[in-house]
Amino acid sequence: MTKDFFARLALRGVAAGALLLPGFMAAAQARQEYLLTNDWKFARGDQPAAQQPGFRDAKWQTVSVPHDWAIYGPFSSTNDLQKVKIEQNNEQQATTKAGRTGGLPFIGTGWYRRQLLVPGFGPGKRAVLLFDGAMSDAHVFVNGQQVAAWPYGYNSFFVDVTGALNASGPNTLAVRLQNLPEASRWYPGAGLYRNVHLIVTNDVHIPVWGTYLTTPEINADYAKVKLRTQVEAPAGATPALRLQTEIRDAQGQVVATLTTPLRVTDGQTFEQNLVVPQPRLWSPETPVLYTASSKLFAGEELKDEYETRFGIRSFAFEAGKGFSLNGQPRKFRGVCNHHDLGPLGAAINTAALRRQLTLLKDMGCDAIRTAHNMPAPELVELCDEMGFMLMVESFDEWKTPKVKNGYSQYFDQWAEKDLVNMVHRDRNHPSVIMWSIGNEVPDQSTAGGNKIAKRLQDIVHREDPTRPVTMGMDRFDDDLKNNFASVIDIPGFNYKPHRYPEAQAKLPQGMILGSETASTVSSRGVYKFPVVQAKEQRYPDNQSSSYDLEACSWSQVPDDEFVAQDELPYTLGEFVWTGFDYLGEPTPYDERWPSHSSYFGILDLAGMPKDRYYLYRARWNTRQPTLHLLPHWTWPGREGQTTPVFCYTSYPSAELFVNGKSQGRQTKTTAGSPQARYRLMWTEVKYEPGSMKVVAYDAAGKAVAEEEVRTAGQPHHIRLVADRTTLRADGQDLAFVTARVEDAQGNLCPEATPQLQFSVGGAGRFRAVANGDATNLQPFHEPRMKAFQGQLVALVQTTDKAGNVQLRVSGKGLKDGVIQLQTAKVAGK
Ligand code: GAL
């Protein structure tokens, strides 16, 4: 074992300097946590005896984890080609769906292998491996011996590997994963797509997810904090133990302390009740966090240290009154999101998640539903820090299948274990407000379905009595007829705004959640004429119109849900399908390759806002005004033709001008269609090139803001805009750089599609690119791609060296775009 080898283990939460001195470190540290990031060997296909220590993997690919083996493509219509009838979508016969799961090569077996160095391991020590998620059907081997198996690819699981390790080394870790065809309704990703942790403790220790922290009483003067801490110790003589807990506020000041002896009658759990004076409450607007720091002593010897980050907040769901947080009534301004990160695939990346949340925050969004599975732990941590309320969801299937090889095959044996891990991992997080036990499960319609619902809900209540259970129900009549909906703490309906009153009248809970809403389809920057509201609308170019009037047979445009939410006091808010476009499920082009990613997103697959972003922003962002015009105004050949103009704004009224000529003033009104209530619309505008400008008026009739869109000339240069220009030199951080094709005056050329090339110099590397076009088959990881509607987003990743990074983007006939970024080392990283 070399010094260098230790240096390549990323250490979490312990002084990095100690890494270079493993011999000295062991005695000093009660707990060491490592991320197993680098030096993994990976191969596709099944490899006999690949779990054996002596297996030769020298020719395998070297990869770092998180890793999604399928995202590198190539796309093909034959990857997981599904001939299916989607009952959920009311389909009457089976058809061939090529892009349903993204058209990427995730099917099959993959192996990961790595030397497992366990610094500080030895007599009296324990070692645990924690997988944040492995896609899928994981079998974990240490030194050739199987130590764990976990089928569900979205869940976290851990295993104590103490007995399988050679204390003197070497040790080999091997993981076999397998993805079956027809196992998913979307792109699941493939491989060790989330982090793998190695945790070394003393044999007297606090196990993984070993604390449960609740705040049973909160008022202005104090909050009671109840901490239950589990302890594991070797059988036989348990030494006299004591647990010393300090609660620190966000500034690191100690605000409460308590030391508790463990008495034999307590079993293996310490219960501590502390009081935090004048608590600062957690909310999406004030995401204040505290930390409970616990030290476990046996006599005078420090045996373990464990940190539990938490927030202090109260909430209530009350019949007839709805939801309130810290005593303030509010409705969820939520989005449903899939787990994939567009061009990164399922491979988790904190910077990518943070960028998504930053964009959602600006929209005024305050809640996320993790559709339809357990999220990455990084997402939950970021929601705590940035202020989002979470509905953490577990399953898309119970006993009755939706897809041939889906979760139903594991349900009987695994559902309870999966729920327990979900709840144990995330129950200390203030962001988590509800648990969801499922989405649109066909068991809503089967005899005994409500008994399954009750059983799952009871399991969740047993593990966490402080939060309610909900689920996304879509079979409205069966849900009511079968006493299914009446069982669930919070009845959540998908796409049923027109039936909320009926549900409210018939159900005992006295409240209704829009667990999944809208499913409007659109392609960023694409506008179709004539402008008509339509369901299942398809066009020859496999795009959907950005006038936000197109939906599926089962779904709606945003305004339909807005009306229900605004008029019915017992509604709890909504979770829009979806915040971001995701890989797979390319409705309404399920049967029309090359469509392979969704059209539902408020933001596209590259994370660029579609027009709809501003419709939600106008409603949800109450801190800043919104004024947005559509369509673009570069329509050679449409001169004199009717070209409707919409304005998404937080202001009540506005006047539109085309080349200075007034097109009249519009005011939002409840007297017409749902659209008239939430959008300003000029439907008879005749296109002429030049300027389209809107002047907005506030409620007092004062002109307060303007927005102008001008006709673009010829593409001239590339302009680059980065989401961040100062990054961490940690080999993970990412800048998302939007490249815009502009004319000489700086107007976006809204239909330009030039192929662009990327080169990165200095302390960074090109990571990926996406343009948000659901039909584009260019691979995400090659440094070239066509712009879509004049734009795309390039991802630049840092290395572990600090320095300057330069991204250059070029395209034929265009002046290059160049941007400088800086990377810096951050302490402890
Ligand atoms: C729902 C389903 C989602 C997604 C959506 C598309 O029925 O829960 O997973 O398929 O439809 O509209």
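None of these values were measured; they are calculated from a predicted model.

Undergrad: Just checking my understanding: could you explain the packing of aromatic side chains for this structure?
TA: Aromatic rings considered in pairs are described by the distance between their centres and by the relative angle of their planes. In this structure the tally under the stated criterion is 42 aromatic pairs. Considering the side-chain rings of F315 and F323, the 6.3 Å spacing of their centres and the 45° angle between planes classify their relative orientation as tilted. Take F323: its relative accessible area is 2%, and that puts it in the buried class. Seen in terms of ring centroids, Y527 and W635 are 6.3 Å apart; in terms of plane orientation they differ by 80°. Their pairing is edge-to-face. With Y527 in the loop between β30 (512–518) and β31 (534–535) and W635 in the loop between β34 (627–630) and β35 (645–649), this residue pair connects regions lying 108 residues apart in the sequence. On the basis of relative accessible area, Y527 is assigned to the buried category, the value being 10%. A residue is classified by how much of its surface remains accessible, and W635, at 8% relative accessible area, is buried. In this structure an aromatic cluster arises from ring pairing among Y152, Y154, F395, W398, Y407, Y410, F411 and F484. Sitting over the ring of W414, K417 keeps its end group 4.3 Å from the ring centre. Sitting above the plane of the Y212 ring, R427 keeps its charged end 4.0 Å from the centroid.

Undergrad: Help me understand the environment of T578, please; the structure alone is not making it clear to me.
TA: With respect to the helices and strands, the residue T578 is situated in the loop between β33 (571–577) and α10 (612–620). For the pair T578 and Y547, spaced 31 residues apart in sequence, the C-alpha separation works out to 17 Å. Not counting chain neighbours up to four residues away, the residues in contact with T578 comprise C336, N337, F600, G601 and I602.

Undergrad: How should the packing of helix α3 (residues 350–363) against helix α4 (residues 377–386) be read in this particular structure?
TA: Packed helix pairs are specified by the crossing angle of their axes together with the interaxial distance, meaning the distance between the axes. Here α3 crosses α4 at 40°, and the two axes come no closer than 10 Å. With respect to α4, the axis of α3 lies oblique. As for the relative orientation of α3 and α4, their crossing is right-handed in sense. Counting all contacts with α3, which are made through T350, L353, R354, L357, T358 and K361, the residues of α4 involved are E378, L379, L382, C383, E385 and M386. Broken down by class, the residue content of the contact of α3 with α4 amounts to six nonpolar, two polar and four charged.

Undergrad: Would you take a moment to explain the site of the ligand for this structure?
TA: As a structural note, the neighbourhood of the ligand is formed by 13 residues, with H372, E440, E516, S519 and E585 the closest of them. Separating an oxygen atom of the ligand from a side-chain N or O atom of E440 is a distance of 2.5 Å. In the model, an oxygen atom of the ligand is placed 3.0 Å from a nitrogen or oxygen of the W554 side chain. Expressed as a share of its isolated accessible area of 310 Å², the protein-covered part of the ligand is 99%. Its residues placed into classes, the shell around the ligand shows four nonpolar, five polar and four charged.

Undergrad: So what exactly am I meant to see when it comes to the sheet that holds β35 here?
TA: Strand pairing in a sheet is mediated by backbone hydrogen bonds. Such pairs are either parallel or antiparallel. Spatial strand order, β34-β35-β38: three strands in an open sheet with antiparallel pairing. Looking along the sheet, the strands with just one partner apiece sit at the ends: β34 and β38 (680–682). The sheet shows a mean angle of 15° between the axes of neighbouring strands, taken without regard to direction. Relative to β35, α10 is tilted by about 40°, and along the sheet it contacts β34 and β35.

Calculation criteria
Residues numbered from 1 in each chain as written. Predicted model: local features only at pLDDT ≥ 70, side-chain atom pairs only at ≥ 80, totals over all residues. Heavy atoms only, no water. Phe/Tyr/Trp six-rings, centres within 6.5 Å; stacked < 30°, edge-to-face > 60°. Buried < 20%, exposed > 50% of the residue type's maximum accessible area, 1.4 Å probe, protein only. Helix = DSSP H or I, 4+ residues; strand = E, 2+ residues; numbered from the N terminus. Lys NZ or Arg CZ within 6 Å of the ring centre and 35° of its normal. Contact = heavy atoms within 4.5 Å. Axes fitted to C-alpha atoms, helices over the stretch in contact; angles between N-to-C directions. Parallel < 35°, antiparallel > 145°, perpendicular 65-115°, else oblique. Left-handed = near helix turned anticlockwise from the far one by under 90°. Nonpolar A, V, L, I, M, F, W, Y, C, P; charged D, E, K, R; others polar. Near = heavy atom within 4 Å. Polar contact = N/O pair within 3.5 Å; in protein donor to acceptor, adjacent residues only side chain to side chain. Areas by Shrake-Rupley, 256 points an atom, 1.4 Å probe, with all protein chains shown as cover. Pairing = 2+ DSSP bridges.

Geometric values such as these leave the question of function open.
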